[in-house]
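Structural characterization, general
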Amino acid sequence: MAQTLDIYIVGVGGQGVLTIADILTKAAFQKDMPVNYYPTKGMAQRGGFVKVQLRIGSAEVGPDIPEGGADLVIAMEQSEALKGVRYLKKGGEFLLYTNRWNPAAVMLGKAPYPEADTVVREIGQAGGRAIVLDPKEKPDFQGRPIRDNIFVLGSLFGRTKLSQVFPQEEIRGLLETRWPKAAKVNAFAFEAGRTAVVKEI
């Protein structure tokens with residue numbers, strides 16, 4: 001039986017959420033796997049809500065992952081992570097990147113910002129396994145910051161079901177093909193994510 005994987009990705013504009021999904025979609029195409037890629041963008045600016053539903057390995061599915069149906073949820077921003085919890089299936093994996101980008105309501109003092117422990121608790125209540133990655137673990141490359149999305153993409157390998165579907169070498173190859181001039185920094189960012197210290201709860 002072919003492997004299937006339903007992935008729900010949330011974050012904000014400017015973090016490269018769509019790029020993660022695009023790389024994984026191309027990896028599926030390379031393996032002749034069916035893939036349904038369904039992005040949704042909120043405000044068309046940095047900081048606006050972004051989500052992607054990515055369904056890999058099954059030819060006969062609709063674009064929407066049902067609530068409680070995602071094998072893997074990737075949250076690129078801590079407050080937006082709460083929007084992804086209800087999509088996580090029991091026994092699923094949830095990678096929480098604890099990057100903070102305060103929504104307007106928080107900046108205006110109309111709402112509190114959720115702490116990481118709150119998100120992790122809700123992941124546990126949903127029956128999932130939390131993998132918590134702190135942006136402080138992200139190193140610089142020759143004095144320059146690396147891309148959050150490549151760092152997070154690397155962190156998924158060896159820790160989640162994604163590495164059972166795609167060998168990391170295939171993802172590295174796609175990164176090099178897409179950005180040949182940034183091959184060294186992206187290879188560094190991917191490896192930094194793969195070997196970063198995480199909390200698994």
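Everything here concerns the structure above.
Quick look at the structure, then. Chains are numbered independently. Their residues run from 1 in the order of the written sequence. Given that the model is predicted, a residue must reach a pLDDT of at least 70 before its local features are reported, and side-chain atom pairs must reach 80 or more before they are shown or counted; all residues, however, enter totals for whole chains, interfaces and linings. The side-chain values count all of the structure's non-hydrogen atoms but skip hydrogen atoms and water molecules.

Digging into the overall build of the chain
Note on conventions: DSSP H or I runs of at least 4 residues are helices, E runs of at least 2 residues are strands, and numbering of each starts at the N terminus. Secondary structure summary: the chain contains 8 helices and 9 strands in total. C-alpha atoms define the radius of gyration in this analysis, and the globule rule sets the expected value at 2.2 Å times the number of residues to the power 0.38. For the chain, whose C-alpha radius of gyration is 16 Å, the value lies close to the compact-globule estimate of 17 Å for 201 residues. Each of the three principal axes of the chain carries a C-alpha extent, and together these read 50 × 45 × 35 Å. For every residue, the accessible area obtained with a 1.4 Å probe (protein chains only) is divided by the maximum for its type, and the residue is called buried under 20%, exposed over 50%, and partly exposed between those limits. Out of the 201 residues belonging to the chain, those deemed buried represent 49%. In the chain, the proportion of contacts linking residues at least 24 apart, taken out of those at least 6 apart, comes to 65%. Looking at the chain as shown, the accessible area adds up to about 9,800 Å², and 51% of this sits on carbon and sulfur atoms. Positive charges come from Lys and Arg, negative ones from Asp and Glu, while His and the chain ends are left out of the count. Lysine's charge is taken at NZ, arginine's at CZ, aspartate's at CG and glutamate's at CD. Across the chain, the mean location of the 26 positive side-chain charges is 4 Å away from that of the 22 negative side-chain charges. The criterion used for residue contact is that any of the two residues' heavy atoms lie within 4.5 Å. Per-residue and other accessible areas follow the Shrake-Rupley method at a 1.4 Å probe size, with only the shown protein chains counted as cover for residues.

So, the packing of helix α5 (residues 148-155) against helix α8 (residues 183-195)
Relative to each other, α5 and α8 sit at 45 degrees, their axes nearing to 6 Å. What the angle tells us is that α5 and α8 run oblique. Pair α5 / α8 crosses with right-handed handedness. Along the contact surface, α5 presents Ile150, Phe151, Leu153, Gly154 and Ser155, while α8 presents Asn186, Ala189, Phe190, Ala192, Gly193 and Arg194. Axes here mean lines fitted to C-alpha atoms, for a helix over just the part in contact, with angles spanning 0 to 180 degrees between N-to-C directions. Should an angle lie under 35 degrees it is considered roughly parallel, over 145 roughly antiparallel, and from 65 to 115 roughly perpendicular; all remaining angles are considered oblique. Handedness of a helix crossing follows the sense of rotation of the near helix relative to the far helix, less than a right angle counterclockwise being left-handed and clockwise being right-handed.

Section: the pattern of salt bridges
Any carboxyl oxygen of Asp or Glu that lies within 4 Å of a side-chain nitrogen of Lys or Arg is treated as forming a salt bridge with it. In the structure shown here, the tally under the stated rule is 14 salt bridges. Between Glu93 and Arg129 there is a salt bridge, with its nearest N and O atoms 2.9 Å apart. Note that Glu93 is positioned in strand β5 (residues 88-97) and Arg129 in strand β6 (residues 129-133), a separation of 36 residues in sequence. Residue Glu93 is joined to Lys161 by a salt bridge in which the shortest nitrogen-to-oxygen separation is 3.8 Å. Taken as a pair, Glu93 in strand β5 and Lys161 in the loop between α5 and α6 (162-165) lie far apart in primary sequence, 68 residues in all. Taking the relative accessible area as the measure of exposure, Lys161 reaches 26% and is therefore partly exposed.

A look at helix α7 (residues 168-178)
Within α7 the residues assigned to the buried category are Ile171, Leu174 and Leu175. Each buried residue of α7 lies within a common arc of 100 degrees when the element is viewed along its axis, so the set occupies one face. Exposed positions of α7 whose direction lies more than 90 degrees from the buried face are Glu169 and Thr177. On its buried face, α7 is in contact with α1 (17-30), α5 and α8. The directions considered for the arc run from the helix axis to the C-beta atoms.

What to know about α5
Burial analysis of α5 places 7 of its 8 residues in the buried class, which makes it a mostly covered element. Along α5, the residues classified as buried are Asn149, Ile150, Phe151, Val152, Leu153, Gly154 and Ser155. Along its buried surface, α5 packs onto α1, β4 (70-75), β5, β6, α7 and α8.

Here we look at the sheet that holds β4
Taking strand neighbours across the sheet as the criterion, the 7 strands line up as β2-β3-β1-β4-β5-β6-β9 in an open arrangement whose pairing is mixed. Lying at the two open borders of the sheet, with one neighbouring strand each, are β2 (35-41) and β9 (199-200). Between any two strands, pairing holds if DSSP finds at least two bridges. Where β6 meets β9, 2 bridges bridge the pair, whose relative direction is antiparallel. Looking at the pairing, Ile131 lines up with Glu200 of β9.

Focus: the environment of Asp6
Note on placement: Asp6 falls in strand β1 (residues 5-12). Residue classification places Asp6 among the buried residues on the basis of a relative accessible area of 13%. Separated by 49 residues in the primary sequence, Asp6 and Arg55 have C-alpha atoms spaced 4.5 Å apart. Ignoring any residue separated from it by four or fewer positions in sequence, one finds Asp6 in contact with Leu54, Arg55, Ile56, Ile65, Gly69, Ala70, Asp71 and Leu72.

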